Amino acid sequence: MTRTRSKSRLRELAKASGAALLVLAGIYFIVPWYLCQDTMVEERSASLPGDQIVSTPKTTYTLATTIDATPSEIWPWLVQVGQGRAGFYTHEWIENLLGADIHNANRIVPALQDVSAGDRIRLTPDPYFGQPGQFMTVAAIEPQHTLVFEQTLPNGSKASWAFVLRAQDDGTTRLLSRRRGGAPTLFDRVMRPGYVYMDRGMLRGIRKRAEAGSS
């Protein structure tokens, strides 16, 4: 009986290990493809504002979307982002499941439009699960064109997050989002697919709001 149970446990372990390997392999192959969706080769390779914050990144990706609105119509939604502000327009239920206390705005808030270089924008409440809350600092801002954040990760490495608006000849706007980071924490390595998913949701959220406001 004991030998039978041992064999059964080994089979269960082998199945679990195989499933884990399939998931990891899927992430390894799917994430690069997922990152390339909706972005042009030129956008992924272009030098963007904020790249100098992390000159030799260990992790980086660029996302983009086309919005049927002008940069001036998109900018107010972008500049008011942040925890305790207008949120990040993405999957709010996931953020709040993680205790981030995010509430996405569906309107432009005049009181949140005045943002300057050096301002702190929170990512989480402070404190956050007994630890200091996470925040970003506005590193560069050019109204209706560029908003760049920089952050010091818990392990001391630097990270940047840039948003760039590019007006198109047909009256639409390309919104680019680029993250760059130094040595990632173990948590960041595990959560990278989740970050990409949330960032893509954010671009869709901004697009939906800007297009509704400009219609």
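Residues numbered from 1 in each chain as written. Predicted model: local features only at pLDDT ≥ 70, side-chain atom pairs only at ≥ 80, totals over all residues. Heavy atoms only, no water.

Draft legend 1. Molecular detail of the packing of aromatic side chains. With the rule as written, the count across this model stands at five aromatic pairs. Ring geometry for F149 versus F163: centroids 6.5 Å apart, planes at 80 degrees, classification edge-to-face. With F149 in strand β4 (residues 146-152) and F163 in strand β5 (residues 158-167), this pair connects stretches of sequence that are 14 residues apart. You can call F163 buried: its relative accessible area is 0%. Connected via pairs of aromatic rings, a cluster forms that spans F88, F149, W161 and F163. (Phe/Tyr/Trp six-rings, centres within 6.5 Å; stacked < 30°, edge-to-face > 60°. Helix = DSSP H or I, 4+ residues; strand = E, 2+ residues; numbered from the N terminus. Buried < 20%, exposed > 50% of the residue type's maximum accessible area, 1.4 Å probe, protein only.)

Draft legend 2. Just the sheet that holds strand β2 (residues 120-122), in detail. Judged by pairing direction, the sheet is antiparallel, and its six strands sit side by side in the order β1-β6-β5-β4-β3-β2 without closing on themselves. Edge positions in the open sheet fall to β1 (59-67) and β2, since each of these has one partner strand only. Averaged over all adjacent pairs, the angle separating strand axes in this sheet is 20 degrees, with direction ignored. Against the sheet, helix α3 (residues 71-79) makes contact with β1, β3 (135-142), β4, β5 and β6 (173-181), and its axis sits at roughly 155 degrees relative to β5, the strand it touches most. (Pairing = 2+ DSSP bridges. Axes fitted to C-alpha atoms, helices over the stretch in contact; angles between N-to-C directions. Contact = heavy atoms within 4.5 Å.)

Draft legend 3. Up close: a negative patch on the surface. Taken together, the side chains of D68, E73, D169 and D170 present a region of like negative charge at the surface. If you trace the backbone, D170 turns up in the loop between β5 and β6. (Patch = residues over 30% accessible without salt bridge, like charges linked within 9 Å, V, L, I, M, F, W, Y side chains within 5 Å. Areas by Shrake-Rupley, 256 points an atom, 1.4 Å probe, with all protein chains shown as cover. Salt bridge = Lys/Arg side-chain N within 4 Å of Asp/Glu carboxyl O. Lys, Arg positive; Asp, Glu negative; His and termini not counted. Charge placed at Lys NZ, Arg CZ, Asp CG, Glu CD.)

Draft legend 4. The pairing of β6, seen in detail. Counting buried residues along β6, eight of its nine residues qualify, which places the element largely inside the surrounding structure. Examined bridge by bridge, β1 and β6 share nine bridges and lie antiparallel to one another. Each bridged residue has a counterpart across the sheet, and for T62 the counterpart in β6 is R178. Inspection of the sheet shows β5 paired to β6 by nine bridges, in the antiparallel sense. In the strand pairing of β6, A167 is matched with T173. In textbook terms, the turn of a hairpin is the stretch between consecutive antiparallel strands, and for β5 and β6 this stretch comprises five residues, one of which, G171, has a positive phi near 95 degrees.

Draft legend 5. Highlighting the pairing of β3. Examined bridge by bridge, β2 and β3 share three bridges and lie antiparallel to one another. Counterpart to I121 in the pairing with β3 is M136. In textbook terms, the turn of a hairpin is the stretch between consecutive antiparallel strands, and for β3 and β4 this stretch comprises three residues, one of which, Q144, has a positive phi near 70 degrees.

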